[in-house]
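# Examination of the molecular architecture
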Amino acid sequence: MFFKTARRVVIFVIGSTVVLIGMIMVITPGPAIIVIPAGLAILATEFVWAARLLRRMKQGANSAMNSMRTRPKPDAPDQSLASGQGTVKSGPDSR
């Protein structure tokens, strides 16, 4: 009984520390998008609430990726305008 409780405490401390470091990386430079789910995965080995949160994060990431894949691509810029041939002059010299 003692070892199971001690294991849960150690996993909670390590997982929470990794999640906290990831949250700090949201503000500072760093791979927070990788570190936070890693901390949740550590916590999910012992805690059901962390497994549910990790599953929701995965579903959100999958839906974001699907929406990025189905988004229409922007049209290519008009080549005549890019080369300067399609410019429109205005003013008194436009004759």
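Please refer to the structure higher up on the page.
Here's a quick rundown of the structure. Quantities reported herein were computed from a predicted structural model and do not represent experimental measurements. (Residues numbered from 1 in each chain as written. Predicted model: local features only at pLDDT ≥ 70, side-chain atom pairs only at ≥ 80, totals over all residues. Heavy atoms only, no water.)

## Description of the packing of aromatic side chains
Quick note on the threshold: Note on ring pairs: Phe, Tyr and Trp rings are taken, using the six-membered ring of Trp, and paired if centres are within 6.5 Å. Classes follow the plane angle, with under 30 degrees stacked, over 60 edge-to-face and the rest tilted. Buried means the residue's accessible area, taken with a 1.4 Å probe over protein chains only, is under 20% of the maximum for its type, while exposed means over 50%, and partly exposed covers the values in between. Strands here mean DSSP runs of E at least two residues long; helices mean DSSP runs of H or I at least four residues long; both are numbered from the N terminus.
Per the counting criterion, the structure on display carries 3 aromatic pairs. With centroids separated by 5.8 Å and ring planes inclined at 65°, the aromatic side chains of F2 and F3 adopt a geometry described as edge-to-face. Grouping residues by exposure puts F2 and F3 together as exposed. Ring geometry for F12 versus F47: centroids 5.9 Å apart, planes at 80°, classification edge-to-face. With a gap of 35 residues between them, F12 in helix α1 (residues 2-27) and F47 in the loop between α2 (32-44) and α3 (48-70) connect regions that are remote in the sequence. Given the relative accessible area of 40%, F12 is considered partly exposed. Looking at F47, the relative accessible area reads 12%, which means it is buried.

## A short note on the packing of α2 against α3
Test applied: In this description, a line fitted to the C-alpha atoms serves as the axis of each element, helices being fitted only across the stretch in contact, and the angle between N-to-C directions of two axes falls anywhere from 0 to 180 degrees. By definition, turning the near helix anticlockwise from the far helix through less than a right angle yields a left-handed crossing, and turning it clockwise yields a right-handed one. In this description, contact between two residues means that some pair of their heavy atoms is separated by no more than 4.5 Å. Under the convention adopted here, Pro, Cys and the residues Ala, Val, Leu, Ile, Met, Phe, Trp and Tyr are nonpolar, Asp, Glu, Lys and Arg are charged, and Gly plus all remaining residues are polar.
Running from N to C, α2 and α3 cross one another at 145°; their axes reach a closest spacing of 7 Å. Once α2 is placed against α3, the crossing between them reads as left-handed. Contact with α2, carried on its side by I36, P37, L40, A41, L43 and A44, involves W49, A50, A51, L53, L54 and M57 of α3 and no other residues of that element. Looking at the contact of α2 with α3, its residues break down into 12 nonpolar, no polar and no charged.

## Quick look at the layout of surface pockets
The line we're drawing: A cavity here means a set of points on a 1 Å grid, drawn over the protein atoms and nothing else, where a 1.4 Å probe fits but cannot get out; a pocket is an open set with protein on both sides within 12 Å along at least five of seven lines, and a residue lines either one if it has an atom within 4 Å of a point. Grid points are joined across faces, edges and corners, and a volume is the space filled by probe spheres set on the points.
Of the voids in this model, the largest pocket is the one considered here, and its volume is about 160 Å³. If you trace the largest pocket, you find it lined by I33, P37, L54, M57, K58 and A61. With 4 residues, α3 is the single largest residue contributor to the lining of the largest pocket. Looking at the lining of the largest pocket residue by residue, the classes come out as 5 nonpolar, no polar and 1 charged.

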